[in-house]
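The lines below spell out each chain.
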Amino acid sequence: MNLPEINRGRACMTRFLFLLVGSIVACTALATTLPDVPEIGLASPGDGSATVSFTPGRLGSGRLVEYMVVCNNNVQSGAASPITVTGLTNGTAYGCRARVTTTVGTTPWSELSNIVTPRAATADVSDRKHSLIWIVGILGFVGVATGLAAWRRRFSSQTEPLLQTPVARRASDVLMLWMMSVLWIPGVVAFGMYATGKKIIDPSAPLIGVVENKIPLSGGLHSLMNGRFQKEIAARVFNWMPFYASITRFFNQAQYTLLRASSNREILVGRDGYLFHPSYASTYCKRDITAAAPTLEAWAKMILEIQNGFQKKGKNFLYILTPSKVEYMSDKLPFGYPCPSKERDIFISEALKYLALAGVNYVDASSKMSEIQQRYGYEPFPKGGIHWTDLAAMDATNEIINKMNRLTGKPIATPYRPKIEDAPEASWEEQDFVNLLNLKWPLPANKTAKIVREESTTKSCSSQYSIVVVGNSFFTSLGRNLVAGSCPPSVRQLFYFSVHQRHFYYKNNAPNFDIEKMDFNLLESSDVIILEEHAGIFSTASYTPLLHKYITDGVLPKTVQR
């Protein structure tokens, strides 16, 4: 065989090998499918932890390696849902996401869960458990004592001849057996399950927002004498009571239905089923303009110094006051609720005069609530939630946009009037307080709206401007609205200036936000800096002094999740 034939043979073999390898790679690529992104579920807070549930999707062509959940910067992996993320800081708000890794690859992170705030075991939960356990114990003791007394009397024919009758004897037996079975047997069963580590499955949904005490048992004679040890034992045994969640939901349902009250001290049940935050209601009902004057003067001075500090850096500053539910719906407070203040309805307008006199650039978003229902046909606050709706924030959003455009002389954002539709159901955010009631049967929600993004009137945007916000959860509706218009700005919020960073965006025909690592450089690079306070806590908000210290002394908060 001559050389050309050999070369042709090698060339043919090379092409064959390339085709063979290409076919294998192509077939492998066709057979290889990535897993589906898990669907995020409920995140429940614990003591320094959060338990995050999710619904796994298809694994594709690979084998499962692990599921992973991240809450801010804290990551935990596991083999199935739910996954408990530990090492969290109590009192800090977290948003969680999930993803899955297989032998083929790793999915993107899921959508954000509900916001959870881990807390140490509170007196509310443990006290209630302690009280109920000891009530059961006392009733049981009385029941057994009564039953034993009846049993003894049955055989005391000389001293109690009346008990010789068959009817009396049967009544005595029934009384004793009823007391023994109804009041003592559940306690014995609960203690047995606690001791053996077994638990009856409760068909009821897990309780929302309930923090269980996981602190080690106290020891020593002192804790035994002051009742702390007994209280902790009672709380632990109560967790193992059969159908604990169902019993608690029935109890809460009876308390709500009969007394219009909640066992959760953070929820105030008002008229017609409207729910309020007790601290906001208390603040509203105790307002005194004269007494508050020194505080308001110092508050306005601090806001002005923050504004001046940013203006010296060449930045535009805007203060926003968001509304409190009780301000607009004070007629829905419970009957007989003490509300002696005669200045409560003019307090906000009087307080804002201090800002006006100081020369602060501000928008009073709280004054727009009275027109919402008349204009749109929807109430500005949901029955079962504490935050205002996105629709209620729409007029304030447009006023903020106009104010920013005037301050900067730039088209930071474009005012718009979106299309409004009936929402098919209330969102989780609109039912957050109802969910915390932990009732057996759901309560009807008031009609809520869905905002549909307007069609962009411009084919392209010449530039995108940036906004950074220091504020609380009441800015969320404004943030979603700001990114729903045409040519939206970049909107990021330094949540409480010490928790996490939120990035608002519009995707899949819905506004949303991601949790990001805090970036304080945004305060130096953004076109507009916004400070938002809520009408229920303004002049006392914890993050405003932190921002003031940053702009005057250059000191950052120490509790930031880095």
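Look above for the structure.
Keep in mind that what you see is a predicted model, and the values were worked out from it rather than measured.

Asks: Would you take a moment to explain the state of the cysteines for this structure?
Replies: By definition, a disulfide is the covalent link that joins the sulfur atoms of two cysteine residues. Evaluated as defined, the whole model comprises 2 disulfides. Between the sulfur atoms of Cys71 and its disulfide mate Cys96 the distance is 2.1 Å. Between Cys71 and Cys96, the S-S torsion sits near 105 degrees, and that sign places the bridge as right-handed. Of this pair, Cys71 sits in strand 3 (residues 64-71) while Cys96 sits in strand 6 (residues 96-102); the two residues are 25 residues apart in sequence, bridging distant segments of the chain. A relative accessible area of 0% means that Cys71 is categorised as buried.

Asks: Could you clarify how one ought to interpret the environment of Thr290 in this entry?
Replies: Turning to its location among the elements, Thr290 is positioned in helix 8 (residues 289-312). As a C-alpha pair, Thr290 and Glu343 span 53 residues in sequence and 9.8 Å in three-dimensional space.

Asks: Can you help me understand the packing of helix 8 against helix 10 (residues 347-358) in this one?
Replies: Relative orientation and spacing of two packed helices are given, respectively, by the angle between their axes and the distance between those axes. Taken N-terminus to C-terminus, the directions of helix 8 and helix 10 make an angle of 40 degrees; their axes are 9 Å apart at the nearest point. If you check the angle between helix 8 and helix 10, you find them oblique. Where helix 8 crosses over helix 10, the two elements pack in a sense that is right-handed. Mapping the contact onto sequence places Ile289, Ala292, Ala293, Leu296, Glu297, Trp299, Ala300, Ile303 and Leu304 in helix 8 and Phe347, Glu350, Ala351, Leu352, Tyr354, Leu355 and Ala358 in helix 10. Looking at side-chain class alone, the contact of helix 8 with helix 10 contains 14 nonpolar, no polar and 2 charged residues.

Asks: It is not clear to me how the pairing of strand 15 (residues 500-507) should be interpreted in this structure. Could you clarify?
Replies: Summarising burial for strand 15: 7 of the 8 residues are buried, a large majority. Relative to strand 15, strand 14 (residues 490-495) runs antiparallel, the two sharing 5 bridges. Each bridged residue has a counterpart across the sheet, and for Phe495 the counterpart in strand 15 is His500. In textbook terms, the turn of a hairpin is the stretch between consecutive antiparallel strands, and for strand 14 and strand 15 this stretch comprises 4 residues, one of which, Tyr496, has a positive phi near 55 degrees. As consecutive antiparallel partners, strand 15 and strand 16 (residues 510-516) are separated by 2 residues, and within that stretch Asn508 has a phi angle of approximately 55 degrees, a positive value.

Asks: Would you take a moment to explain the sheet that holds strand 17 (residues 528-534) for this structure?
Replies: Hydrogen bonding along the main chain pairs the strands of a sheet, whether they run parallel or antiparallel. One open sheet holds the 7 strands; their spatial order is 10-9-17-13-14-15-16, and the pairing between them is mixed. Pairing within the sheet leaves two strands with one partner each, and these edge strands are strand 10 (362-364) and strand 16. If you compare each strand with its neighbour and ignore which way they point, the axes differ by 25 degrees on average. Relative to strand 10, strand 9 (residues 316-322) is paired through 3 bridges, and the arrangement is parallel. Its bridge partner being in strand 10, Tyr319 is matched across the sheet by Tyr362. In the packing of helix 8 onto the sheet, contacts are made with strand 9 and strand 17, and the angle to strand 9 comes to roughly 145 degrees.

The rules behind each value
The residue count restarts for each chain, going from 1 along the sequence in the order it is written. Given that this is a predicted model, residues contribute local features only at a pLDDT of at least 70 and side-chain atom pairs are listed and counted only at 80 or more, while totals for whole chains, interfaces and linings are drawn from all residues. Calculated side-chain values reflect all of the structure's heavy atoms, with hydrogen atoms and water omitted. A pair of cysteine sulfur atoms is labelled a disulfide when the two atoms are within 2.5 Å. Under the DSSP-based scheme used, a helix requires at least four consecutive residues in state H or I and a strand at least two consecutive residues in state E, with every element numbered from the N terminus. Under the scheme applied here, a residue whose accessible area is under 20% of the maximum for its type counts as buried, over 50% as exposed, and between as partly exposed, the area being computed with a 1.4 Å probe on protein chains only. Angles run from 0 to 180 degrees between N-to-C directions of axes, and those axes are lines fitted to C-alpha atoms, restricted for helices to the stretch in contact. Every angle not falling under 35 degrees, over 145, or within 65 to 115 is termed oblique; those three ranges are roughly parallel, roughly antiparallel and roughly perpendicular. Should the near helix be turned anticlockwise from the far one by less than a right angle, the crossing is termed left-handed; should it be turned clockwise, right-handed. Two residues form a contact once any of their heavy atoms are found within 4.5 Å. The classification used treats Ala, Val, Leu, Ile, Met, Phe, Trp, Tyr, Cys and Pro as nonpolar, Asp, Glu, Lys and Arg as charged, and all other residues, Gly among them, as polar. The pairing criterion is simple: DSSP has to find at least two bridges between the two strands.

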